[in-house]
Amino acid sequence: MKQTTFYTTLLIAILALPGCSKFLEHDNPTAITDDQWWNTATDALNALNAVYVGIPDGASGRQLMFLAALSDEAVARQSTRGDYESFVKGLHNVSWNVGEGIWEDDFKDIRRACRFLENVDRCFMEEDLKTRYKYEARALRAYYHMELMMFFGGIPIVTASVTTEGSYLKRNTEEEVYNFVVEELTACAPHLPTVYTTNTDYKRITEGTCWALISKLALFYKKYEVARDAAKKVIDLGVYELYKSSNLKNSYADLFLYAGEVNKERIFFRENTGSGGQWNTFAPQGVGGKTVVSPTAAAVNNYETKQGKTIWELGPDSAKIYQKDPNYKSNRDPRLAASLLLPGQTYSSYVLKPFETAQTYADRIGAQNATATGFWVNKYLDPKDRNAAAAARTLDYMIIRYAEVLLNYAEALIELDQWNNPDVVKYINEVRTRATMPNVDVTTYNSQETLRTLIRRERQAELAFEGGRFFDIRRWGILGTVMNGQVYGAVDPTTNEPIKVEVRSCNPDRDYRWPIPQKEILANPKMEQNDKY
């Protein structure tokens, strides 16, 4: 390799990319010099769109929903989609392909943003539009730094395209990267639109996106005042609202289907998720899909009953009934059925029978591409995609949505010992009401500790399989508790006991962060590895 920096791998990968992204290496897909590429507003737009290409998806690309399988919510199979299974068993190492892929992808996106900012002034275009484009690129660059930091810890802060001569970059501290991201997003927010008015621009980063990302990042680092204030700025913009369909009881389920795809809840999203990755990740084989990610019993058992009680509060006999039949008498939080497919359920005219013994039944536990737990993820799984061509499977994926911001705000208040602020119950109730769940019982949840328990359960119910719990169990300090030991799935009707799926092994002192890819360590003598790798 000619370059000895973390961009070595990235630039090699970029050479294989078609279209406008070639400007990262060649400046113009069909020519050589910057003078030939950076001329018009169209050139600028194409280059900026290349920066947006790196935004992650749910079940393809950087596949954020797979993070559920690195938490206690789900398990993953099929190493061709990434070796997630080795991580939860403590077998991953410095050559772990999931970490390598995200490291390379994000730094490639950062370089695209830097190249854009260094060259866009060459383009002849309206100055106001050019200025907006610059803030979009800066905000996206900050986001890619944020994503890397939340996985790897301290990383090099990159604000200029790196040359061979200046390629040995050392890691900045986490505090330095955190400050950089917050400062960049704070600077960009006032200069970005609150809303976009054309269909082609809806996907673009907004003022609200910047504040929402800050609230997410600050919450992870327990900067609760920052998280509270950023979330409140999103609320005060007055442009977002929880999606509600004409039939309220369908609202939560429709939010993740084509029926509710265009809504005011999405703050940062990936447009046209590409070939319906979710259908080949979550769907049963009997309806033409593959099941790579399967929910665990821990995720299922988190949901309350419709009366707002946990199954454990009902006593051991009732808890056992709900474990065997999770949606017993349809008396469960409706978000359960919206988020998961359950044994015995009929889905798209197909009966789900994970404990079927007939070898011809494709979705029995143990069959290739079948559920590993007896459950299936239902979010972003729209029956319209069953018989659709891959190119027609275009459901958008929400990276961050308004419900998460409301829960961020409420949690920040709780952690600041402002649990009796009326906004806490107000915004938790807004989320619960949309799901047709009862309001918070303030006679039971009337302290910091009880409300902390409630909102953690609420986050898992509302945001299940969207990737957030991967970060939540780390910042809450429960990583070692929930990611060690036996993982259970559905109850086998022949034994009346939950099946044993896998045994996990986690060293929280090590696994809180991912390993820096070994190829980066070898290429850059200034790069230091994370502890215990």
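As shown above, the structure is provided for reference.
We now turn to the structure provided with this report. (Residues numbered from 1 in each chain as written. Predicted model: local features only at pLDDT ≥ 70, side-chain atom pairs only at ≥ 80, totals over all residues. Heavy atoms only, no water.)

If a strand is regular, its side chains alternate between the two faces of the sheet. Burial runs high along strand β2 (residues 266-270): four of the five residues are buried. Alignment of β2 against strand β8 (residues 397-401), held across four bridges, turns out to be antiparallel. If you follow F269 over to β8, its bridge partner there is M398. (Buried < 20%, exposed > 50% of the residue type's maximum accessible area, 1.4 Å probe, protein only. Helix = DSSP H or I, 4+ residues; strand = E, 2+ residues; numbered from the N terminus. Pairing = 2+ DSSP bridges.)

Running from amino to carboxyl end, helix α6 (residues 97-119) crosses helix α7 (residues 127-152) at an angle of 160°, the nearest separation of the two axes being 9 Å. Considered as vectors, α6 and α7 are oriented roughly antiparallel to each other. As α6 packs across α7, the resulting crossing turns out to be left-handed. Listed contacts from α7 to G99, I102, W103, D106, F107, D109, I110, A113, C114, F116 and L117 of α6 are Y133, K134, A137, R138, R141, Y144, H145, E147, L148, F151 and F152. Here the contact of α6 with α7 is composed, by residue class, of 14 nonpolar, two polar and six charged. (Axes fitted to C-alpha atoms, helices over the stretch in contact; angles between N-to-C directions. Parallel < 35°, antiparallel > 145°, perpendicular 65-115°, else oblique. Left-handed = near helix turned anticlockwise from the far one by under 90°. Contact = heavy atoms within 4.5 Å. Nonpolar A, V, L, I, M, F, W, Y, C, P; charged D, E, K, R; others polar.)

Moving on, we get to the packing of aromatic side chains. Summed over all chains, the structure comprises 27 aromatic pairs. Where W38 meets F116, the ring centres are 6.2 Å apart and the plane angle is 65°; that geometry is what we call edge-to-face. Taken together, the residues W38 in the loop between α3 (34-37) and α4 (41-52) and F116 in helix α6 connect sequence positions 78 residues apart. Judged by relative accessible area, which is 1%, W38 ranks as buried. The aromatic ring of F269 is capped on one face by R266, whose charged end is 3.9 Å from the ring centroid. Taking NZ or CZ as reference, R474 lies 3.7 Å from the ring centre of F470, over its face. (Phe/Tyr/Trp six-rings, centres within 6.5 Å; stacked < 30°, edge-to-face > 60°. Lys NZ or Arg CZ within 6 Å of the ring centre and 35° of its normal.)

This brings us to α4. With twelve residues, α4 should cover 16 Å at 1.5 Å per step; its first-to-last C-alpha distance of 17 Å lies within 8% of that length. Those residues of α4 lying buried are D43, A44, A47, L48, A50, V51 and Y52. (Expected span 1.5 Å × (residues − 1).)

Bringing the side chain of N331 into the picture now. Position of N331 among the secondary structure elements: in the loop between α13 (316-324) and α14 (334-339). A residue is classified by how much of its surface remains accessible, and N331, at 17% relative accessible area, is buried. Engagement of the side chain of N331 in a polar contact is seen with the side chain of Q307, the distance being 3.0 Å. Setting aside residues up to four positions removed in sequence, N331 forms contacts with T305, K306, Q307 and Y322. (Polar contact = N/O pair within 3.5 Å; in protein donor to acceptor, adjacent residues only side chain to side chain.)

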